[in-house]
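As a plain string of letters, each chain reads:
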Amino acid sequence: GAVVSQHPSRVICKSGTSVKIECRSLDFQATTMFWYRQFPKQSLMLMATSNEGSKATYEQGVEKDKFLINHASLTLSTLTVTSAHPEDSSFYICSAGAKIREQFFGPGTRLTVL
Amino acid sequence: QKEVEQDPGPLSVPEGAIVSLNCTYSNSAFQYFMWYRQYSRKGPELLMYTYSSGNKEDGRFTAQVDKSSKYISLFIRDSQPSDSATYLCAMTPQGKLVFGKGTKLTVNP
């Protein structure tokens, strides 16, 4: 199957700082990528749909000014958590794929905000 | 009522057992039904997807969909310790995935 990478795999930061997470499709081009958040023992919750060359589409309740998404190329989408707070601590996962029913997920980024 | 309900378990079985994992859903607009496997601290991995009611088999895995009951299942035959993971069902009406909570499975040698 296709490969999606994420960087970093783990990040610890102080409250109030910003953190950038990268999602790359390594062997295919992705016009659309998805960003999810997963709290412990909870399901994946879709945060936003990242569209190459246009603005991201955010799910209800997700602050677009706090979670900045940039999809600058067909292989890279970035999620920036601005002014992070402890409640933003979570597991962030991206996915990409030619079809919604065949999504390939990245390995995830564990964010801890102190 | 949540769109997708899945018993989080945990489920513990002996090696070689047949495992049955299930989800129910409320939105009749869901068209595709996926099963993902997620190991601890990793991203989900697609196992298989189905479209219509009926069964789909892939090796030791069989996915079953009953649209009339809004009920889907994943069966794992001859379960192995390496199958120990969290299994997530997911569905899509169009354009995005809706996930169940996941069922944590442990297969004991």
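Above this text you will find the structure in question.
Keep in mind that this is a model prediction, so the values were computed, not measured.

**Brief notes about the packing of aromatic side chains**
Scanning the model with the defined rule gives 11 aromatic pairs over all chains in all. Between A:Phe67 and A:Tyr92 the ring centres are 6.4 Å apart and the planes differ by 40 degrees, which places this aromatic pair in the tilted class. Remark: A:Tyr92 occurs in strand β9 (residues 90-96) and A:Phe67 occurs in strand β7 (residues 67-73); sequence separation between them is 25 residues. The two residues A:Phe67 and A:Tyr92 agree in class, both being buried. Ring centres of B:Tyr25 and B:Phe33 lie 5.1 Å apart, and the angle between their planes is 45 degrees; on these two criteria the pair is classed as tilted. Accessibility expressed as a relative area gives 1% for B:Phe33, which makes it buried. Ring pairs connect the aromatic residues A:Tyr36, A:Phe105, B:Tyr36 and B:Phe99, which therefore count as one cluster. The cationic tip of B:Lys56 hangs over the ring face of B:Tyr49; the distance from NZ or CZ to the ring centre is 4.5 Å. Directly above the ring of B:Tyr51 sits B:Lys67, whose terminal nitrogen or CZ lies 5.1 Å from the centroid.

**Re the sheet that holds strand β1 (residues 4-7) of chain A**
Residues and elements named next belong to chain A. Pairing in this open sheet of four strands is antiparallel, and the strands run β1-β3-β8-β7 from one edge to the other. Of all the strands in the sheet, the pair left with one neighbour each is β1 and β7. On average, each strand axis in the sheet is tilted by 15 degrees relative to the strand beside it, whichever way the strands run. Examined bridge by bridge, β7 and strand β8 (residues 76-81) share five bridges and lie antiparallel to one another.

**Section: the state of the cysteines**
Applying the stated criterion across every chain, the model contains two disulfides over all chains. Between the sulfur atoms of A:Cys23 and its disulfide partner A:Cys94 the distance amounts to 2.0 Å. Looking along the S-S bond of the A:Cys23-A:Cys94 disulfide, the torsion reads about 85 degrees, which is the right-handed sense. Pair noted here: A:Cys23 is in strand β3 (residues 19-25) and A:Cys94 is in strand β9, with a separation of 71 residues, a long-range link. The exposure class assigned to A:Cys94 is buried, which follows from its relative accessible area of 0%. There is a disulfide in this structure between B:Cys23 and B:Cys89, and the S-S distance comes to 2.0 Å. Here B:Cys23 and B:Cys89 share a disulfide; its torsion about the S-S bond, -105 degrees, makes the bridge left-handed. Of the two residues, B:Cys23 sits in strand β3 (residues 19-25) while B:Cys89 sits in strand β9 (residues 85-92), which places them 66 residues apart along the sequence. Taking relative accessible area as the criterion, B:Cys23 reaches 1% and is therefore assigned buried. Here A:Cys13 is not disulfide-linked; the sulfur of A:Cys94 is the nearest cysteine sulfur, at 19 Å. Judged by relative accessible area, A:Cys13 falls into the buried class, the value being 9%.

**Examining the side chain of B:Thr92**
Within the secondary structure, B:Thr92 sits in strand β9. Within the structure, B:Thr92 has its side chain in polar contact with the backbone oxygen of B:Lys96 (distance 2.9 Å). Not counting the four nearest positions on each side in its chain, B:Thr92 is found in contact with A:Ile100, B:Phe30, B:Gln31, B:Tyr32, B:Met34 and B:Leu97.

About the criteria used
- Just so you know, the residues in each chain are numbered from 1, in the order the chain's sequence is written.
- The lettering of chains begins at A and the numbering of ligands begins at 1, in the order of writing.
- Only residues with pLDDT of 70 or above have their local features reported here, since the model is predicted, and side-chain atom pairs are shown and tallied only from 80 upward, although totals for entire chains, interfaces and linings are computed over all residues.
- Note: side-chain values were computed over all heavy atoms of the structure, leaving out hydrogens and water.
- Aromatic pairs are defined between Phe, Tyr and Trp rings, using the six-membered ring for Trp, whenever the two ring centres lie within 6.5 Å; interplanar angles under 30 degrees are classed as stacked, those over 60 as edge-to-face, and all others as tilted.
- The way it works is that DSSP assigns letters per residue, a run of H or I at least four long becomes a helix, a run of E at least two long becomes a strand, and they are numbered from the N terminus.
- Exposure is judged per residue with a 1.4 Å probe applied to protein chains only, and the accessible area is read against the type maximum: over 50% gives exposed, under 20% gives buried, and values in between give partly exposed.
- Lysine NZ or arginine CZ positioned within 6 Å of the ring centre and within 35 degrees of the ring normal marks a charge as sitting over the ring.
- For two strands to pair, DSSP has to find at least two bridges joining them.
- With axes taken as lines fitted to C-alpha atoms, and helix axes fitted only over the stretch in contact, angles between N-to-C directions fall between 0 and 180 degrees.
- When two cysteine sulfur atoms lie within 2.5 Å, the pair is treated as a disulfide.
- Nitrogen and oxygen atoms within 3.5 Å of one another constitute a polar contact, given that in protein one can donate a hydrogen and the other can accept it, and given that sequence-neighbouring residues count only through two side-chain atoms.
- Here a residue-residue contact requires only that any non-hydrogen atoms of the pair lie within 4.5 Å.

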